[in-house]
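Structural overview for review
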Amino acid sequence: MNRKDFLKSSTLFGAAALVLPTTNTFAKNLADNSIDKLVDANGNYIQQPLPYSESFLEPYMDAETLHLHYTFHHGGAVKGANKDLQMIKKVLDENNLETIDFWTKKLSYHFSSHILHSIFWTNLTNKPNLPKGNLLKRIEKSFGSFDKLKILIAATSKNVDGNGWGILAYQPYSDSLVVLQCENHEKLTQWGAIPILVIDVWEHAYYLKYKNKRTDFVDALFNIINWDNVAQRLNDAEKL
């Protein structure tokens, strides 16, 4: 194998390590929910339709914000990830690796955004509900009570420096639930954790309705979290 082929193979392997584990998780997680299908048959990233109308989450999330958020921010991440893939292939084909680190970092950023947004939309509903069954038992084991979890993930989300996410994840290495703080999209703190609930605290998620009051937005989200969806994601994650 010559140097060019070696570099191409090793770089693509690295890209696969970034992309495939989470994609496979999505393929097995809520397989009957098309919004979790992040790629088409050719491996291109695709954005699925929202599972509800843009006014579905009123009054806690306004239709205009949801439209802009889904169309331009999530949609922009999908377009960006596809461009990143094309540029990685281009620089490999041309054996011009001076910009390869730039495009791999961009892919990490855009594809992570695509993953988290896809979870975010299914994590929300317009009917109040509470965790129960296995999810509730897991919450009580890991955090003491549901109320303590709410306090923890709310504080974690509200206190993200700059933009990012608060995340409830299943950590298979410890067989437990963990709360993570994610700056931007890709900067998580634990490898292998599978997100089951995400709270988007980028300003585009709330600024039209809540202005600079991120705390009010996070508190409002607890009225529309789809804990049944979170429970299903947990059950599927435990089987992986």
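Structural notes, computed from the coordinates. (Residues numbered from 1 in each chain as written. Predicted model: local features only at pLDDT ≥ 70, side-chain atom pairs only at ≥ 80, totals over all residues. Heavy atoms only, no water.)

**Quick notes on the sheet that holds strand β3 (residues 194–200)**
Taken in spatial order, the three strands line up as β2-β1-β3 in an open sheet, and their pairing is antiparallel. With partners counted over all chains shown, the strands left at the sheet margins are β2 (176–183) and β3, one partner each. Strand after strand, the sheet turns through a mean of 20° between neighbouring axes, direction not considered. Pairing geometry for strand β1 (residues 164–171) and β3, over six bridges, is antiparallel. When the sheet's bridge partners are listed, G166 is paired in β3 with I199. (Pairing = 2+ DSSP bridges. Helix = DSSP H or I, 4+ residues; strand = E, 2+ residues; numbered from the N terminus. Axes fitted to C-alpha atoms, helices over the stretch in contact; angles between N-to-C directions.)

**Quick notes on the nonpolar core**
Judged by nonpolar contacts, the single largest core of 64 residues is most densely connected at L149, L168, L177 and W227. Sort the elements by how many residues they give to this core and helix α3 (residues 100–122) lands first, with nine residues. (Core = buried A, V, L, I, M, F, W, Y, C linked by side-chain atoms within 4.5 Å. Buried < 20%, exposed > 50% of the residue type's maximum accessible area, 1.4 Å probe, protein only.)

**Here's the deal with the pattern of salt bridges**
Across all of its chains, the model carries seven salt bridges by this definition. Close ionic contact of E94 with K90 constitutes a salt bridge, the shortest N to O distance being 3.1 Å. Residues D219 and K158 are paired through a salt bridge, measuring 2.9 Å at the closest nitrogen-oxygen approach. Here the residue D219 occupies a position in helix α7 (residues 214–221), and K158 occupies one in helix α5 (residues 146–158), the gap between them amounting to 61 residues. Through salt bridges with shared partners, a single ionic network connects R138, D175 and E238. (Salt bridge = Lys/Arg side-chain N within 4 Å of Asp/Glu carboxyl O.)

**So, the packing of helix α2 (residues 63–93) against α3**
Relative to each other, α2 and α3 sit at 145°, their axes nearing to 8 Å. Both α2 and α3 take part in a crossing whose hand is left-handed. Residues of the contact of α2 with α3, tallied by class, amount to 15 nonpolar, nine polar and three charged. (Left-handed = near helix turned anticlockwise from the far one by under 90°. Nonpolar A, V, L, I, M, F, W, Y, C, P; charged D, E, K, R; others polar.)

**Section: the environment of L135**
Position of L135 relative to the elements: it lies in helix α4 (residues 133–143). Judged by relative accessible area, which is 1%, L135 ranks as buried. Residues L135 and V230, spaced 95 residues apart in sequence, show a C-alpha to C-alpha distance of 7.9 Å. In contact with L135, other than residues within four places in its own chain, are L177, W227, V230, A231 and L234. (Contact = heavy atoms within 4.5 Å.)

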